Amino acid sequence: MSTDLSRAQQAPARPSGALPALGDTSELSASAERRIGDRIASSIYRDPDYLDDPVLGDYLQGIWQPLMTAARARGELGPELETRFAWDVMQIRDRSVNAFALPGGYLGVHMGLIAAVSTRDELASVLAHELTHVTQRHISRLMSKQKEQMPWLVAAMILGALAASKNPELANAAITGGQAAAVQNQLNFSRDMEREADRVGFGVMSDAGFDQLGFAGMFDKLQQASRLNDNGSFPYLRSHPLTTERIAEVKGRLQLDGNTPPSRATAEAGTARTVHAMMAARARVLGGPGVDGLRPLVIEAQALPQPAVATAPLTARDAGILYGGALAASRLRDHALARSLAGRLKAATAPTRALAEPAECLALELELAAGGTTALPRLANTSSRAALLLQSRADLAMGRGLQDVSGALQNWVSNHPRDAVAWQLLATAYGQQGQTLRAIRADAESRVAQLDYGAARDRFRAAQDVIRSGRDGGAGANSYIEASIIDTRAREIDQLLREQALEEKLNR
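Just so it is clear, the model here is predicted, and its values are computed rather than measured. (Residues numbered from 1 in each chain as written. Predicted model: local features only at pLDDT ≥ 70, side-chain atom pairs only at ≥ 80, totals over all residues. Heavy atoms only, no water.)

## Re empty space enclosed by the protein
All told, the structure shown has two cavities of 30 Å³ or more when counted by the stated rule. The calculated volume of the largest cavity comes to roughly 60 Å³. Lining the largest cavity are Ser 125, Val 126, His 129, Asp 198, Phe 215, Met 218, Phe 219, Leu 222, Tyr 236 and Arg 246. Those elements that place two or more of their residues in the lining of the largest cavity are α6 (120–135) and α12 (213–227). Among the elements that take part in the lining of the largest cavity, α12 stands out by supplying four residues, more than any other. Tallied by class, residues from the lining of the largest cavity come to six nonpolar, two polar and two charged. (1 Å grid on protein atoms, 1.4 Å probe; cavity = no way out; pocket = protein on both sides within 12 Å on 5 of 7 lines; lining within 4 Å. Points joined across faces, edges and corners; volume = space filled by probe spheres on them. Helix = DSSP H or I, 4+ residues; strand = E, 2+ residues; numbered from the N terminus. Nonpolar A, V, L, I, M, F, W, Y, C, P; charged D, E, K, R; others polar.)

Shown next, in the form of structure tokens:
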């Protein structure tokens, strides 16, 4: 995620009327915390349950970026943290309702959370809460309390705790005895920290333009789950325990701030609510429910009555049902039914651009999944990341416009160098054009984007071998420039690996 440093440096100080924060008592520098976060994130990126779905990624960023802007404007997010931290919202293929913040500005969102919330405002309340844990340095303060624990051991323990939510036996292999208790202390915020994250997060999401009732709605869901004696579906309750004090304070803030403006409520009840219903359905399918979980989604979509007019407006609920049913049918390899359901969704959403775009992307995605390469449609707008990557996949599958594809992807990664998926597609585009050197470099950069420096070094060395062999790898007149870039990047990665090795040695 690129950072606008000049804009961050203009961020105003914390408003004089704001309640005082707990204060930054962390002994861990922002750089040290980022290094620990990188260590954890590099393992998560290679986990089979890590998911980088561009469609849901765009949806999350549409919520996340206004929160970041509001935190910056309120003075909660200072220039140092903004430049040093990753601010990466990772998607986790898990049906449980959970989200978490990690050292260094990494956040995780489970598919189960996106599927469970009713509105984007409820999702914004969770992201604002987690963002505040990071901006208020809650994580580093907790880590500083464990002075006897080495930073890399802390990273290993946090990874073990994350594994515990999916596979207790695996977690027991990673952390045992007293270390398990230490992990619990690392990840469980104090009551004061939870209340501060609620208070500051409430202000951040409100200033970002989200409906404050989203906070109350999320609390209602968590409170209901708590009363039902959480059966494991809500691990968020274990790492963020709901207390009567937290509930009372949120309700008090809602009463003090008054009712939500009608304009916001009207907008949320319309297009935004329908888009969320489609994204929630997508998360439900991508959460990996298995065949038995996919079939009910298909049956529910088939049961929807056909409207008298194909373009009749859909309710948010029906849009979500059709979207989820089409995607589920595709996963079950019933491509004809997937096309039919997606066609109904496209017809009904066509009049509204904000609804038509996700429906069009879904239709193209389903055609790719069906293996069709003869007449794949083109998207009307490829300005979003999801549309750009999906259209690139379609063009690569058909072998059309390869220079245009590589040009568009190169422009994208120039502005978004940490986009591993885009780098991989760019590697494919160059490979199909016979530009071996550029393809290897793009593949290496995809490994860098996911912090897999060892694999990146191997790919850069492979590129150097191509250069030393006297071949230009298809680079032509630009071979000297490509060689210079590759040599520079190889040296940078070697330096990073040496620094990591030294730090691990010092912390043993």
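## Things to note about a nonpolar patch on the surface
Judged by side-chain polarity, Tyr 480, Ile 481 and Ile 485 come together as a nonpolar surface patch covering roughly 330 Å² of accessible area. Looking at where Tyr 480 falls in the secondary structure, it is placed in helix α25 (residues 479–506). According to the relative accessible area criterion, Tyr 480 is exposed, its value standing at 66%. (Patch = residues over 30% accessible without salt bridge, like charges linked within 9 Å, V, L, I, M, F, W, Y side chains within 5 Å. Areas by Shrake-Rupley, 256 points an atom, 1.4 Å probe, with all protein chains shown as cover. Salt bridge = Lys/Arg side-chain N within 4 Å of Asp/Glu carboxyl O. Buried < 20%, exposed > 50% of the residue type's maximum accessible area, 1.4 Å probe, protein only.)

## Regarding the sheet that holds strand β3 (residues 99–102)
Taken together, four strands build an open sheet; the order of strands is β1-β2-β4-β3 and the sheet is mixed. Two strands in the sheet have a free side with no partner beyond their single neighbour: β1 (50–51) and β3. Both β1 and strand β2 (residues 88–92) contribute to a ladder of two bridges, which runs antiparallel. Across the sheet, the residue bridging to Tyr 50 is Ile 92, located in β2. Lying on the sheet, helix α3 (residues 54–74) is in contact with β2 and β4 (106–110); it crosses β2 at an angle near 140 degrees. (Pairing = 2+ DSSP bridges. Contact = heavy atoms within 4.5 Å. Axes fitted to C-alpha atoms, helices over the stretch in contact; angles between N-to-C directions.)

## Topic: unusual backbone geometry
Unlike most non-glycine residues, Trp 87 shows phi in positive territory, near 50 degrees. Not every positive phi belongs to a glycine, and Arg 137 is a case in point at roughly 60 degrees. Residue placement: Arg 137 occurs in the loop between α6 and α7 (138–145).

## Points about the pattern of salt bridges
Across all of its chains, the model carries 33 salt bridges by this definition. With a shortest N-O distance of 2.5 Å, Glu 492 and Arg 489 are connected by a salt bridge. Residue Glu 492 and its partner Arg 489 are located together in helix α25, separated by three residues, close to a single helical turn. Overall, Glu 492 belongs to the partly exposed group, its relative accessible area being 36%.

## Remarks on the pairing of β2
Burial of β2 is extensive: five of the five residues sit out of reach of the surface. Side chains Asp 88, Met 90 and Ile 92 of β2 all project onto a buried face; the interleaved residues Val 89 and Gln 91 project onto the opposite face, where all are buried too. The pairing of β2 with β4 spans five bridges and is classified as parallel. Residue pairing across strands places Val 89 opposite Leu 107, the latter belonging to β4.

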